[in-house]
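# Summary of structural features
Read off the chains here:
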Amino acid sequence: MKIPLFPLRSIFFPGETVPLHIFEDRYKQLISDCRKEAITFGIPVYINDRIEFGTEVQLVEVVTTYEDGEMDVVCVARQVFEIVEFESHLGGKLYAGGTVNFLDTVNDGEESAKLKVLEGIEELYDLMDVPFTPVPLEKFHSYVLAHKMGLSFDQEYELLKMAKESERLEFLRTHLQTTITVLKEVDRTKKTIELNGHFKNFDPLDFDGLKS
């Protein structure tokens, strides 16, 4: 399938609301075409000087149009794709485009795996003393809180490329487990440092029967 492309150094997951400020002429033209022709476009992730994977988005609303033609728009992310062929100008347009293949998403996430991730998120937020609004298990999937788990940009990109929900959940569970372990060690170290310099009560040792 051939679609317009709007490369960004940003990652958007399916189902996510995508607010964009449009100021370049090529993307003003793109949004105009989306409004007139009801087409979707792709936001490939610019990473490591390359664009390979991204997310298809659909224009939902033009919130504000400024006197100079700049716009604030809201889109919704739909599905992940891999770029097969890139064109700097699509069919004589100002904006880029390309041929893409959409990932065949496999919704094989088990409730037990989702529960482990949710419990990990709650523990992480508790350790950081950050308020957490519980998400019902039946409404939770790997993309829901992906931006709020402390993943690096590279880690979010790895998550985006995974087609299986089971793989994404395991990836998140492992990340949370590692992060929680590190935070607990930092907290233990902090408490140890705070004790330094304070008087301590040492329990007397009974050396009777001690052998060297």
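Our subject is the structure listed above.
My aim in this report is to walk through the structure given alongside it, one point at a time.

Attention shifts here to the packing of aromatic side chains. As enumerated under the stated definition, the model contains 6 aromatic pairs in all. Ring centres of Phe-53 and Tyr-157 lie 6.4 Å apart, and the angle between their planes is 75°; this geometry places the pair in the edge-to-face category. Of this pair, Phe-53 sits in strand 4 (residues 50-65) while Tyr-157 sits in helix 3 (residues 153-161), and the two are 104 residues apart along the sequence. An identical accessibility class is assigned to Phe-53 and Tyr-157; each is buried. The rings of Phe-6, Tyr-27 and Phe-41 are connected pair by pair, giving a single aromatic cluster.

The next thing to look at is the environment of Val-76. As for its position among the elements, Val-76 is in strand 5 (residues 71-87). Looking at Val-76, the relative accessible area reads 26%, which means it is partly exposed. As for Val-76 and Gly-54, which are separated by 22 residues in sequence, their C-alpha atoms are 13 Å apart. Those residues in contact with Val-76 that sit more than four places away from it in its chain are Gly-15, Glu-16, Glu-56, Val-57, Gln-58 and Val-60.

With that settled, consider the pattern of salt bridges. Under the counting rule described, the total for this entry stands at 11 salt bridges. The closest approach of N and O atoms between Lys-93 and Asp-33, which form a salt bridge, is 3.2 Å. Here Asp-33 lies in helix 1 (residues 25-37) and Lys-93 lies in the loop between strand 5 and strand 6 (96-102), a separation of 60 residues in the sequence. The exposure class assigned to Asp-33 is buried, which follows from its relative accessible area of 3%. One salt-bridge network, in which partners are shared between bridges, spans Asp-33, Lys-36 and Lys-93.

All right, on to unusual backbone geometry then. One non-glycine residue, Asp-49, lies in the positive phi region at around 60°. Here Asp-49 shows up in the loop between strand 3 (41-47) and strand 4.

Before going further, it helps to spend a moment on the environment of Ile-121. Topologically, Ile-121 is positioned in helix 2 (residues 111-127). Taking relative accessible area as the criterion, Ile-121 reaches 1% and is therefore assigned buried. Considered as a pair, Ile-121 and Met-149 are 28 residues apart in the sequence and their alpha carbons are 6.9 Å apart. Look past the residues within four positions of Ile-121 in its chain and what remains in contact with it is Phe-132, Phe-140, Leu-145, Met-149 and Leu-176.

Here Glu-156 lies in helix 3. One buried charge, Glu-156, has no salt-bridge partner; the nearest side chain with opposite charge is Lys-148, at 11 Å. Non-local contacts of Glu-156, meaning those with residues more than four positions away in its chain, are made with Ile-11, Phe-13, Ala-146, His-147 and Leu-151.

About the criteria used
Residues numbered from 1 in each chain as written. Predicted model: local features only at pLDDT ≥ 70, side-chain atom pairs only at ≥ 80, totals over all residues. Heavy atoms only, no water. Phe/Tyr/Trp six-rings, centres within 6.5 Å; stacked < 30°, edge-to-face > 60°. Helix = DSSP H or I, 4+ residues; strand = E, 2+ residues; numbered from the N terminus. Buried < 20%, exposed > 50% of the residue type's maximum accessible area, 1.4 Å probe, protein only. Contact = heavy atoms within 4.5 Å. Salt bridge = Lys/Arg side-chain N within 4 Å of Asp/Glu carboxyl O. Lys, Arg positive; Asp, Glu negative; His and termini not counted.

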